[in-house]
Amino acid sequence: MTDAGELRRRTHELLAAHPPATTDRLDFLRARFDAGLAWVHYPEGLGGLGAPRSLQAVVDEELAAAGAPDNDPRRIGIGLGMAAPTVLRYGTDEQKARFLRPLWTGEEVWCQLFSEPGAGSDLAALGTRAVRAGEDWVVDGQKVWTSSAHLARWAILIARTDPDAPKHAGITYFICDMTDPGVEVRPLRQITGEAEFNEVFLTGVRIPDDHRLGEVGDGWRVAQTTLMNERVSIGGMRLPREGGMIGPVAETWRERPELRTHDLHQRLLKLWVEAEVSRLTAERLRQQLNAGQPGYEGSGMKLAFARLNQEISGLEVELRGEEGLLYDDWTMRRPELVDFTGRDAGYRYLRSKGNSIEGGTSEVLLNIVAERVLGLPAEPRTDKDVPWKDLAR
């Protein structure tokens, strides 16, 4: 299945059998998945047709022109960008059949139980334990910065299963049921006033062994698939020209000439060019992705994404002057998604501060780019071969 014409034919068949104007949204999404038009590069029966990833745009354009509903990708981004590629690569046939369809349609939201209070940048130092108990694993620990945990049905979880092994070697990867009575989700209020992410406490949570992804003790390798896809999904998202954070600033510049100064003009030009370069580089990264798994280049894109968002939002606040100091709503709420362009300049300025932390801190990503992309000497790591239980904490 490599022909764009054939994909268009199948898309038209889907639209004829399930007219968007008269078909329930969820029914249409399920039919689209079953027709192999969800992820065309996925295998047949799992939402795809085994076609090149680059041909997804053919399907998306036809469906958009027909007014077909999408699966609200911003709301289920963790499932689409992180859980799905990991399940596809390491999951059993039963796991793929069970999880991928409701994940893609948005019927089941996913979250990520990776970071901990003592294991953020140094994720491999995590201390959440998973102990084998017959056909189950019993999990105890705490996770933090968990976006969408208050909405999630499932979570991708890494836990320590062998404290006697070095920290990278004693980790196993699981799918955790967020409705288990041992899972407690507490909101973490952010500088924006919202609580889009949470801390999660796991007490005696029982995970069946058939919800394990990959081999016991191989969780770090499985997690690398998740993390590399996460950075591509954050830093390599598809945007039109002047999409993202640069759009509202450029619009304000054009509509409010009384705010302009020479210095602001020079800074805006510089950031506009950098945003366009970043957008085109992300397009090239997606083209590379068409040929295989994401590489470490996604770390560089995520770095650029964070820096640009923070610089652009700072410029916007300065451009607006006193207006830029206003903030629309400090109400404590637990949103379903992050809406950068749907809020005011104050929100964008405050929320962008988290961009250099979420999805891998900028400091860690700089190390990855230096060592894995540029081939520079690695930093000394004295704890690499030390059993986790003997590490200072």
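Everything quoted here is computed from the prediction, not taken from an experiment. (Residues numbered from 1 in each chain as written. Predicted model: local features only at pLDDT ≥ 70, side-chain atom pairs only at ≥ 80, totals over all residues. Heavy atoms only, no water.)

### Re the pairing of strand β4 (residues 154–160)
Consecutive side chains of a regular strand alternate in pointing toward one face of the sheet and then the other.
Reasoning step 1: Most of β4 sits out of view: seven of its seven residues are buried.
Reasoning step 2: In β4, alternate side chains face the same way, and those of W154, I156, I158 and R160 on one face and A155, L157 and A159 on the other are all buried.
Reasoning step 3: Two strands pair when backbone bridges link them, and strand β1 (residues 110–113) and β4 are joined in this way by four bridges, in the parallel orientation. Across the sheet, the residue bridging to C111 is A155, located in β4.
Reasoning step 4: In this structure, β4 lies alongside strand β5 (residues 171–177), joined through seven bridges in antiparallel fashion. (Buried < 20%, exposed > 50% of the residue type's maximum accessible area, 1.4 Å probe, protein only. Helix = DSSP H or I, 4+ residues; strand = E, 2+ residues; numbered from the N terminus. Pairing = 2+ DSSP bridges.)

### A look at the packing of helix α9 (residues 297–320) against helix α11 (residues 362–373)
Reasoning step 1: One can describe the packing of α9 onto α11 by two numbers: an axis separation of 9 Å at closest approach and a directional angle of 145 degrees. α9 and α11 meet at a crossing whose hand is left-handed. Across the interface between the two elements, E297, S299, G300, K302, L303 and A306 from α9 touch S362, L365, L366, I368, V369 and V373 from α11. (Axes fitted to C-alpha atoms, helices over the stretch in contact; angles between N-to-C directions. Left-handed = near helix turned anticlockwise from the far one by under 90°. Contact = heavy atoms within 4.5 Å.)

### Quick look at the packing of aromatic side chains
Reasoning step 1: What the rule picks out here adds up to 11 aromatic pairs.
Reasoning step 2: Pairing W39 with Y42 gives two aromatic rings, centres 4.2 Å apart and planes at 25 degrees, and the pair type is stacked.
Reasoning step 3: Judged by its relative accessible area of 4%, Y42 is buried.
Reasoning step 4: Residues F340 and Y347 carry aromatic rings whose centres are separated by 6.5 Å and whose planes lie at 55 degrees to one another, so their mutual orientation is tilted. (Phe/Tyr/Trp six-rings, centres within 6.5 Å; stacked < 30°, edge-to-face > 60°.)

### A few points about a negative patch on the surface
Reasoning step 1: Negative charge collects at one region of the surface, where D93, E94, E135 and D210 lie side by side.
Reasoning step 2: By the element assignment, D93 lies in helix α5 (residues 93–105).
Reasoning step 3: Owing to a relative accessible area of 60%, D93 belongs among the exposed residues under this scheme. (Patch = residues over 30% accessible without salt bridge, like charges linked within 9 Å, V, L, I, M, F, W, Y side chains within 5 Å. Areas by Shrake-Rupley, 256 points an atom, 1.4 Å probe, with all protein chains shown as cover. Salt bridge = Lys/Arg side-chain N within 4 Å of Asp/Glu carboxyl O. Lys, Arg positive; Asp, Glu negative; His and termini not counted. Charge placed at Lys NZ, Arg CZ, Asp CG, Glu CD.)

### Details of the pattern of salt bridges
Reasoning step 1: Taken as a whole and assessed by the stated rule, the structure comprises 41 salt bridges.
Reasoning step 2: Between R381 and E371 there is a salt bridge, with its nearest N and O atoms 3.2 Å apart. Of the two residues, R381 is situated in the segment after α11 and E371 in helix α11; the sequence distance between them amounts to 10 residues.

### Some points on the environment of G182
Reasoning step 1: Residue position: G182 is located in the loop between β5 and β6 (183–188).
Reasoning step 2: When the C-alpha positions of G182 and V205 are compared, they lie 5.0 Å apart, and in sequence the two are 23 residues distant.
Reasoning step 3: If we ignore the near neighbours within four places in the chain, the residues touching G182 are F201, L202, T203 and V205.

### Structural notes on the nonpolar core
Reasoning step 1: Counting 35 residues, the largest nonpolar core has W39, L100, W110, F114, I158 and Y173 as the members making the most contacts within it.
Reasoning step 2: Listed by contribution, the elements that provide at least two residues to this core are α2 (25–34), α4 (77–90), α5, β4, β5 and α6 (219–235).
Reasoning step 3: No other element matches α4, which puts seven residues into this core.
Reasoning step 4: Apart from the residues within four sequence positions on either side, F114 is in contact with L123, K143, I156, L157, I158, Y173, A223, T226 and L227.
Reasoning step 5: Residues W137, A159, V183 and L202 belong to the second largest nonpolar core, which totals 18 residues. (Core = buried A, V, L, I, M, F, W, Y, C linked by side-chain atoms within 4.5 Å.)

### Some details on the side chain of N198
Reasoning step 1: With respect to the helices, strands and loops of the structure, N198 is situated in strand β7 (residues 197–208).
Reasoning step 2: For N198, a relative accessible area of 0% corresponds to the buried category.
Reasoning step 3: When near neighbours in sequence (up to four residues on either side) are disregarded, N198 contacts V144, W145, T146, S148, A149, H150, V185, R186, P187, L188 and R334.

### Some points on the environment of Y173
Reasoning step 1: When you line up the elements, Y173 lands in strand β5.
Reasoning step 2: Sequence separation of Y173 and E6 is 167 residues, and the distance between their C-alpha atoms is 38 Å.
Reasoning step 3: The residues contacting Y173, other than those within four sequence positions of it, are T86, F114, I156, L157, I158, R212, L213, G219, V222, A223 and T226.
Reasoning step 4: In terms of polar contacts, Y173 uses its side chain to reach the side chain of T226, at 2.7 Å. (Polar contact = N/O pair within 3.5 Å; in protein donor to acceptor, adjacent residues only side chain to side chain.)

### Observations regarding unusual backbone geometry
Reasoning step 1: We note that D72 has phi near 55 degrees; this positive angle belongs to a residue other than glycine.
Reasoning step 2: Take D72: it is sitting in the loop between α3 (56–65) and α4.
Reasoning step 3: If you check the backbone angles, S148 has positive phi at about 65 degrees while not being a glycine.
Reasoning step 4: Topologically, S148 is positioned in the loop between β3 (136–147) and β4.

### Quick look at the environment of G247
Reasoning step 1: With respect to the helices and strands, G247 occurs in helix α7 (residues 246–255).
Reasoning step 2: Along the backbone, G247 and F28 are 219 residues apart, and their C-alpha atoms lie at a distance of 32 Å.

### Things to note about a nonpolar patch on the surface
Reasoning step 1: Side chains of V373, L374 and L376 sit close together on the surface and give an oily, nonpolar patch of about 280 Å² of accessible area.
Reasoning step 2: Assignment of secondary structure puts L376 in the segment after α11.
Reasoning step 3: Given the relative accessible area of 45%, L376 is considered partly exposed.

### Regarding helix α1 (residues 4–17)
Reasoning step 1: With 14 residues, α1 extends 20 Å from end C-alpha to end C-alpha; this agrees with the ideal 20 Å at 1.5 Å per step.
Reasoning step 2: By the burial criterion, the buried members of α1 are L7, T11, L14 and L15. The buried residues of α1 occupy an angular sector of 95 degrees when the element is viewed end-on, so they sit on one face. Exposed side chains of α1 directed beyond 90 degrees from the buried face belong to A16 and A17. (Expected span 1.5 Å × (residues − 1). Arc of directions from axis to C-beta.)

In short, the description is geometric, and any link to function would need to be established separately.
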